[in-house]
Amino acid sequence: MNVKQNHLFKAAVCGLFIACALSWLAAAGPAEQLPENILRLHVLANSDSEADQALKLKVRDAVLTEAARWCQGAGSLYEANAAVCTHLEGIAQAAGDVVKENGFTDAVTVTVTDEFFHTRKYNDFTLPAGRYRTLRVVIGEGSGHNWWCVVFPALCLPAAGDDVLGSLPPEQREAVKEKGLRVSFKLVELYEELKNWLAPGA
């Protein structure tokens, strides 16, 4: 299939999907808007070896501690993103120190980027598929199983509870916790995956 045919095919699929699901997506509005208010954490291990996976969790803890230190008091994604970006070097240093302290020589790359995620469940909350602002931490080759959670609101921290969800608009707060939105989440996931597939270079 040449480039022109590929574009036409994508356009046809997009039109069919929109015709079938546009009315359903309206009901899933709060879930679709969640990426606008959430800063995620994504840690990728060097490999799937037991040692590398254990190191990944230690790096995760260090990054969460450092990120929480700077995001404390942030009232919006904009403020949390600014805090993390401003102190990115310190966060990377904390991650690198853990690697060295555990006898590894892997390089650690820490960036803030936009990343696509499928629908994920973590403990008692669920996030729909979409492109989220992400604090991305890659250890070594970054080819091992990854770990993800949320830096803002601080849903990853041990003390996190319903109070931290207060940073989200009420309807989105319920969308995160409401198990009854599984159908809506699935529609959002299909919609977001389609957008990701239609993106340039996909």
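In case you missed it, the structure is sitting above this.
Residues numbered from 1 in each chain as written. Predicted model: local features only at pLDDT ≥ 70, side-chain atom pairs only at ≥ 80, totals over all residues. Heavy atoms only, no water.

(A) Highlighting the nonpolar core. Residues L41, V59, V63, L135 and V137 are the most contacted members of the largest nonpolar core, which totals 29 residues. The set of elements that each furnish at least two residues to this core consists of β1 (39-44), α3 (50-71), α4 (77-86), α5 (88-101), β2 (108-117), β5 (130-139) and β6 (146-152). With 7 residues, the top contributor of residues to this core is α3. Here V137 is in contact with L41, H42, V43, L44, V59, V63, V108, T109 and V110, once residues within four sequence places are set aside. Formed by 7 residues, the second largest nonpolar core is a distinct cluster that contains F117, Y132, V150 and L155. (Core = buried A, V, L, I, M, F, W, Y, C linked by side-chain atoms within 4.5 Å. Buried < 20%, exposed > 50% of the residue type's maximum accessible area, 1.4 Å probe, protein only. Helix = DSSP H or I, 4+ residues; strand = E, 2+ residues; numbered from the N terminus. Contact = heavy atoms within 4.5 Å.)

(B) Region of interest: the sheet that holds β1. Taken in spatial order, the 4 strands make up an open sheet running β2-β5-β1-β6, and their pairing is mixed. With partners counted over all chains shown, the strands left at the sheet margins are β2 and β6, one partner each. Ignoring which end each strand starts from, the neighbouring axes of this sheet average 30° apart. As paired strands, β1 and β5 are joined by 6 bridges and run parallel to one another. Note that in β5 the partner of H42 across the bridge is R136. Against the sheet, α5 engages β2 and β5, with an angle of about 110° to β2. (Pairing = 2+ DSSP bridges. Axes fitted to C-alpha atoms, helices over the stretch in contact; angles between N-to-C directions.)

(C) Inspection of the pattern of salt bridges at higher detail. Counting across every chain of the model gives 4 salt bridges. For R69, the salt bridge is made with E66, and the minimal N-O distance between the two is 3.3 Å. Taken together, the positions of R69 and E66, both in helix α3 and 3 residues apart, correspond to about one turn of that helix. When its relative accessible area of 51% is taken as the criterion, R69 is described as exposed. Among the residues examined, E66 registers a relative accessible area of 14% and is labelled buried. With a closest N to O distance of 3.0 Å, E115 and R136 form a salt bridge. (Salt bridge = Lys/Arg side-chain N within 4 Å of Asp/Glu carboxyl O.)

(D) Spatial organisation of the pairing of β1. In terms of burial, β1 is a largely internal element, 6 of the 6 residues being buried. Here β1 shows no split at all, with L39, L41 and V43 on one side and R40, H42 and L44 on the other all buried. Note: β1 against β6, 6 bridges, orientation antiparallel. Directly across from L41, in β6, lies its bridge partner C149.

(E) The arrangement of the packing of aromatic side chains in detail. A complete count under the given rule lists 1 aromatic pair for this structure. Here F117 and Y132 contribute two aromatic rings whose centre-to-centre distance is 6.1 Å and whose plane-to-plane angle is 80°, an arrangement assigned as edge-to-face. A residue pair is termed long-range when its members are at least 10 positions apart, and F117 in strand β2 and Y132 in strand β5 qualify at 15 residues. On the basis of relative accessibility, which here comes to 2%, the residue F117 falls in the buried class. You can call Y132 buried: its relative accessible area is 0%. When the ring centre of W148 is taken as origin, the NZ or CZ atom of R40, which lies over that ring, is 4.3 Å away. (Phe/Tyr/Trp six-rings, centres within 6.5 Å; stacked < 30°, edge-to-face > 60°. Lys NZ or Arg CZ within 6 Å of the ring centre and 35° of its normal.)

Coordinates in, geometry out; function isn't part of it.
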